[in-house]
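# Survey of secondary and tertiary structure
Here is what each chain is made of, one letter per residue.
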Amino acid sequence: GDAKDVVVSIGEDRRFIVYDLKAGAILYSSSIVSSSPFTSLAIEQEGKRCAIGSVDGMVRVFDLATPECRQVHQLSLPDLTGQAQQPWNPGGALRRGGGGGEDGEE
């Protein structure tokens, strides 16, 4: 369908669904994408890609123009910012692999 007729929904079940409103059809229904629930969604103006954020600070970019809505990019906000605690996770620090941090160690 035309990009302007496409709607994407996300759920705490860690899946996303792409709908064609004009045709009244589901274009794509993902399997479970993340180990953490989704919290945010952004779609570029042209409607060809979407970015989905999850509680663990991961942002995944999907190509909506491909039939399988393939993932084309992934980034970790905690790794980019160097911070374990983020606004989307106010309850505490994120679990991170690797060694300890250098800030605030005792």
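Provided above is the structure to which this section pertains.
Residues numbered from 1 in each chain as written. Predicted model: local features only at pLDDT ≥ 70, side-chain atom pairs only at ≥ 80, totals over all residues. Heavy atoms only, no water.

### Considerations on the sheet that holds strand 3 (residues 25-29)
Keep this limit in mind: What makes two strands pair is DSSP finding at least two bridges between them. The numbering of helices and of strands both runs from the N terminus, where a helix is a DSSP run of H or I of at least 4 residues and a strand a run of E of at least 2. Axis definition: a line fitted to C-alpha atoms, over the contacting stretch in the case of helices. Angles run 0 to 180 degrees between N-to-C directions.
Within the open sheet, the three strands sit side by side as 1-2-3. Their pairing is antiparallel. Edge strands, defined here as strands with exactly one partner in the open sheet, are strand 1 (6-10) and strand 3. In this sheet, neighbouring strand axes are inclined to one another by 25 degrees on average, regardless of whether the strands run parallel or antiparallel.

### Some details on a nonpolar patch on the surface
Keep this limit in mind: Residues enter a patch when their relative accessible area is above 30% and they make no salt bridge; the linking distance is 9 Å between like charges and 5 Å between nonpolar side chains (Val, Leu, Ile, Met, Phe, Trp, Tyr). Note on areas: Shrake-Rupley with a 1.4 Å probe; residue coverage comes only from the protein chains shown. For this analysis, a salt bridge means a side-chain nitrogen from Lys or Arg found within 4 Å of a carboxyl oxygen belonging to Asp or Glu.
A cluster of nonpolar side chains, namely I10, L41 and I43, defines an oily patch on the protein surface of about 200 Å² accessible area. Positionally, I10 belongs in strand 1.

### Quick look at the state of the cysteines
Selection criterion: Criterion for a disulfide: a pair of cysteine sulfur atoms within 2.5 Å. Only protein chains enter the accessibility calculation, which uses a 1.4 Å probe; a residue whose area is less than 20% of its type maximum is buried, one above 50% is exposed, and one in between is partly exposed.
In this structure the tally under the stated criterion is zero disulfides. The thiol of C50 is not disulfide-bonded; the next cysteine sulfur, from C69, is found 7.2 Å away. According to the relative accessible area criterion, C50 is buried, its value standing at 1%.

### As for the packing of aromatic side chains
Stated formally: A pair of Phe, Tyr and Trp rings is counted when the ring centres sit within 6.5 Å of each other, with Trp represented by its six-membered ring. The angle between the planes then sorts it: under 30 degrees is stacked, over 60 is edge-to-face, the rest tilted.
Here the structure, examined in full by the defined rule, presents two aromatic pairs. Ring plane angle 45 degrees and centroid distance 5.6 Å describe the contact between F16 and Y28, whose orientation is recorded as tilted. Remark: Y28 occurs in strand 3 and F16 occurs in strand 2 (residues 16-20); sequence separation between them is twelve residues. You can call F16 buried: its relative accessible area is 0%. With relative accessibility at 21%, the residue Y28 sits in the partly exposed group. With 4.6 Å between their ring centres and 45 degrees between their planes, F16 and F62 make a pair best called tilted. Of the two residues, F16 is situated in strand 2 and F62 in strand 6 (residues 58-63); the sequence distance between them amounts to 46 residues.

### Things to note about the environment of K48
Put simply, the rule reads: We call two residues in contact when some of their heavy atoms are within 4.5 Å.
Relative to the helices and strands, K48 resides in the loop between strand 4 (38-43) and strand 5 (49-54). Along the primary structure K48 and L64 are separated by 16 residues, whereas in three dimensions their C-alpha atoms are 5.0 Å apart. If we skip the residues at most four places from it in the chain, K48 touches F62, D63, L64 and A65.

### Some details on unusual backbone geometry
Of note in the backbone geometry, R14 takes a positive phi value of approximately 70 degrees without being a glycine. For R14, the location among the structural elements is in the loop between strand 1 and strand 2. A positive phi angle is found at C69, which is not glycine, with a value near 45 degrees. Examined against the element boundaries, C69 turns out to sit in the loop between strand 6 and strand 7 (71-76).

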